[in-house]
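Report on the structure
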Amino acid sequence: MLNAAADKRWHGRFALALLLAPALLWLGSLIILPHADLAVLSFRERVGPRQYSASLAQYKTFFTEPLYWHVFLRTAVMSVIATFMTLLLAFPIAWIIAKLARGRAGSLLFIICLIPFWVSETVRTLGWMILLRESGVLPALLVKLGLTDVPVELLYRDATIMVGLVYTSLLFMVVPLVSSLESLDNSLIEAAYDLGAGGLSILRSIVIPHAAPGITAGCIVVFMLTLGNYLTPTLLGGKNSQWFTEQIYTQFITRFNWEQGAAFGFLLLGLSTALVMVGLRLSGQRFGDVMRRT
Amino acid sequence: MSTPDLVADSVVKRFADHVAVDSLSFSVKRGSFFSILGPSGCGKTTLLRMIAGFIAPDSGDIAIGGKSMRDVAPNRRPVNMVFQQLALFPMMSVGENVAFGLARRGMPKAERLKRSNAMLERVSLGGAADKRVDELSGGQRQRVAIARSLVLEPTLLLLDEPLGALDLKLREHMKIELKQLQAAFGTTFVYITHDQSEALVLSDHVGVMSHGRFEQLGTPQDLYYRPQTPFVAGFVGANNRIVGRATGTDGAILEVTTADGWVVRALKSGSIAAGDAVEVFVRPEVAILARNAATLPPDQPHHSGQVQSVLFDGANSAVLLQEERTRREFRIALPQTGQFSDLKPQEKVAFSFDPARAVCFAARAGAAGTDA
Ligand SMILES: Nc1ncnc2c1ncn2[C@@H]1O[C@H](COP(=O)(O)OP(=O)(O)O)[C@@H](O)[C@H]1O
Ligand SMILES: [Mg+2]
């Protein structure tokens, strides 16, 4: 009797393990294993041909070389700004989709946000380059309209990088926002209005607190995507982009300095983790709650 | 005579080609409890939302406290609303909910706290200020919703079926509590409901609404004892409805014969000519039941029937009869004396009712021939 019960429990666990196996295998072999390898790489130094010793030299280089520092900080600040701008732009769109548009108009708006993702990021960004370069369509148009005397180079500017980043991230902000705004009961807004609140005060005291988990989730996703983006900043910003992922790429591919690249990778991971934690702390959210509610 | 707190003047609201509120005019006296009673879909919520300012009337005017409310936004009107689903703010504590309106008026925090606590005290929720909304029971939430509005001292408090979501027992309890709250605060209440018992118990005046219009406006007693339309007679309180044709008159009393030949008498309401299709309404408590026809009042027409079922419900017990010849259903309230407590189905009984206490209307278009 007892044996049978134990047997059954064991069967249950076995089934669970079997179901989780693909996910665990994926997590283990493609995420944890390479990272463990990278971690080992980042903590060693080449002392001679095929001779390595454990050291903190890679991290030390980062802190002593102002260029790396500068790029690192710049990437962080630009990513925070891009995330914030995406939020500002996505919020009204999400509001329209969730609250104002009825039926077909709502899905149409959603599709408009989705369309950019039908084209690959590379093709899309190259398209932008055609549009924005000095001999491109937009500068020519500006001259024609009399806004500028000579065609101006619109590429390789921070603002252009920013626009590209926001554009690529928009959908990832709109989706969690729509789902959290849709769950906001309209009668709460009406009740606040009835009790004397104006638009801004309703936004501050009712809408934002309700949508906070969605806002946080969207911001985390967009921030991580932006921080780790390589293509958009490099193509639109060229040499001026100074994006940290580009530094990592250079270390691995151009300089063949895997140890340095691995250390940079971990610094980026640390940066995104730290900033996400700060964001959560500032907004009073808990990571588990945020992920559960969206 | 002070000005009425609410005056509606020929208010109309259309949705596409459907008229939700059809040229309504009425006024509500200061400090009174006014109910709008009607079946669901008759336009009650639409009317209330126009008073609150969420939707604008297509034509007509609404004045609150003597001032026209045209182009006045909801947050600037001296009215507050208790929503059907209460709409308490889940992101705030009970105290913050109650203080919300005060904060929007820019009242300093200390004063806000004092007032909201005093208000919670008055609705017997003292000490609940720091609780979360979802920690409260249904009845307590109800009181928070009312307190949140009353703390702003509105001219008018609007309530949209606030008891609809509560279970029966709590509803009965909250009914009494609402009435006491209104008396204690003296605020004018405009209450909408589809439950006639709520309207009768709570109100000073009731407007019975159907298809966007008021069928009758009066005190609960008026509606119950002197219904002016067949709709009111059928909707307010229980009633036996008998459809037939006018076959004779005796002063104000009309003789009515049903299609299958049952003859009853009732008081005529409005002008009815011989041969017109009519509807007769007889309240269950107006009819008198007897085992022996000889004990019935001799001046009333006697009828006989067979017991179909006994509906025991304590003080509201009734018996469902079938009229002897036509097998039409007829409901009679059982007296409290217990004299019919041994009544059995299939038993033959006699009954009568005072024709002056039964009422007869010209039949509504499309209503003839069906029994309710
Ligand atoms: N926003 C709207 N658009 C179209 N029709 C509506 C709208 N609001 C209400 N109606 C219609 O108006 C009628 C009255 O609705 P309502 O006032 O909610 O009735 P009640 O509150 O008495 O149940 C209903 O037939 C309803 O379908
Ligand atoms: Mg309604």
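**Concerning the nonpolar core**
- Core analysis: the largest hydrophobic core is formed by 94 residues, its most contacted members being I206 of chain A together with L6, I51, F89, L158 and V190 of chain B.
- At seven residues, the largest contribution of residues to this core is made by helix α7 (residues 158–182) of chain A.
- Of all hydrophobic cores here, the second largest spans 27 residues; its members include I242, A246, V278 and V280 of chain B.

**Side note on the side chain of K44 of chain B**
Residue and element names in this part refer to chain B.
- With respect to the helices and strands, the residue K44 is situated in helix α1 (residues 44–52).
- For K44, the side chain forms a polar contact with the main-chain oxygen of P39, separated by 3.1 Å.
- In contact with K44, not counting residues within four places along its chain, are I36, L37, G38, P39, E161, I192, T193, H194 and M209.

**With respect to the sheet that holds strand β13 (residues 263–268) of chain B**
Residue and element names in this part refer to chain B.
- Taken in spatial order, the five strands close into a barrel running β11-β12-β13-β20-β14, and their pairing is mixed. Sheet twist, expressed as the mean angle between neighbouring strand axes with direction ignored, is 55 degrees.
- Where strand β11 (residues 240–250) lies against strand β14 (residues 277–282), six bridges are found, and the strand directions are antiparallel. Directly across from R245, in β14, lies its bridge partner A277.

**Focus on the domain arrangement of chain B**
Residues and elements named next belong to chain B.
- Looking at the assigned domains, one finds that chain B contains domain 1 (6–231) and domain 2 (238–362).
- On a C-alpha basis, the centroid separation for the pair domain 1 and domain 2 is 39 Å.
- Listed per partner, the contact involves six residues of domain 1 and eight residues of domain 2.
- One can count zero salt bridges joining domain 1 with domain 2.
- Run the count over domain 1 and domain 2 and you get two residue pairs in polar contact (both at pLDDT 80 or more).
- Classifying every residue of the side of domain 1 that touches domain 2 gives four nonpolar, two polar and no charged.

**Section: the pairing of strand β1 (residues 44–48) of chain A**
Residue and element names in this part refer to chain A.
- As judged from the four bridges shared by β1 and strand β2 (residues 51–54), these two strands associate in the antiparallel manner. When the sheet's bridge partners are listed, E45 is paired in β2 with S53.
- Linkage of β1 to β2, two consecutive antiparallel strands, is achieved through a turn of two residues, within which R50 is found at a positive phi near 55 degrees.

**Observations regarding the interface of chain A and chain B**
- On the side of chain B, 22 residues touch chain A, which itself brings 17 residues to the contact.
- When chain A packs against chain B, close to 1,600 Å² is buried across both sides, 65% of that on carbon and sulfur atoms.
- Viewed at the interface, chain B and chain A are joined by one salt bridge.
- R49 of chain B is paired through a salt bridge with E190 of chain A; the nearest N and O atoms lie 2.6 Å apart.
- The set of elements that each furnish at least two residues to the side of chain A that touches chain B consists of α8 (186–194) and α9 (199–227) of chain A.
- When residues in the side of chain A that touches chain B are grouped by element, the largest group, seven residues, is from α8 of chain A.
- Here the residues of the side of chain A that touches chain B sort into eight nonpolar, six polar and three charged.

Conventions and cut-offs
Throughout this description, residue numbers start from 1 for each chain and increase along the sequence as written. Chain A is the first chain written and ligand 1 is the first ligand written, with later ones labelled in order. Predicted model: local features are reported for residues with pLDDT of at least 70 only, side-chain atom pairs are reported and counted for 80 or more only, and whole-chain, interface and lining totals are derived from all residues. Processing note: side-chain calculations cover all non-hydrogen atoms of the structure and skip hydrogens and water entirely. The criterion is simple. A nonpolar core is a set of buried Ala, Val, Leu, Ile, Met, Phe, Trp, Tyr and Cys residues joined through side-chain atoms within 4.5 Å. Each residue is assigned to one of three classes by its accessible area relative to the maximum for its type, calculated with a 1.4 Å probe on protein chains only: buried under 20%, partly exposed between the two thresholds, exposed over 50%. Helix numbering and strand numbering both begin at the N terminus, where a helix is a DSSP run of H or I of at least 4 residues and a strand a DSSP run of E of at least 2. In the analysis that follows, any N or O atom pair within 3.5 Å is treated as a polar contact, provided that within protein one partner can donate a hydrogen and the other can accept it, and provided that, for residues neighboring in sequence, both atoms belong to side chains. Working rule for contacts: check all heavy atoms of both residues, and any pair within 4.5 Å makes them a contact. In short, DSSP must find at least two bridges between two strands for them to pair. To define axes, lines are fitted to C-alpha atoms, for helices over the stretch in contact only, and angles between the resulting N-to-C directions are given on a 0 to 180 degree scale. Residue ranges labeled as domains rest on an automatic or database domain assignment. Within this document, salt bridges are pairs made up of a side-chain nitrogen of Lys or Arg and a carboxyl oxygen of Asp or Glu, the two lying within 4 Å of each other. Nonpolar residues are Ala, Val, Leu, Ile, Met, Phe, Trp, Tyr, Cys and Pro. Charged residues are Asp, Glu, Lys and Arg, and all others, Gly as well, are polar. Summed over both partners, the accessible area (1.4 Å probe) lost when two parts come together is defined as the buried area.

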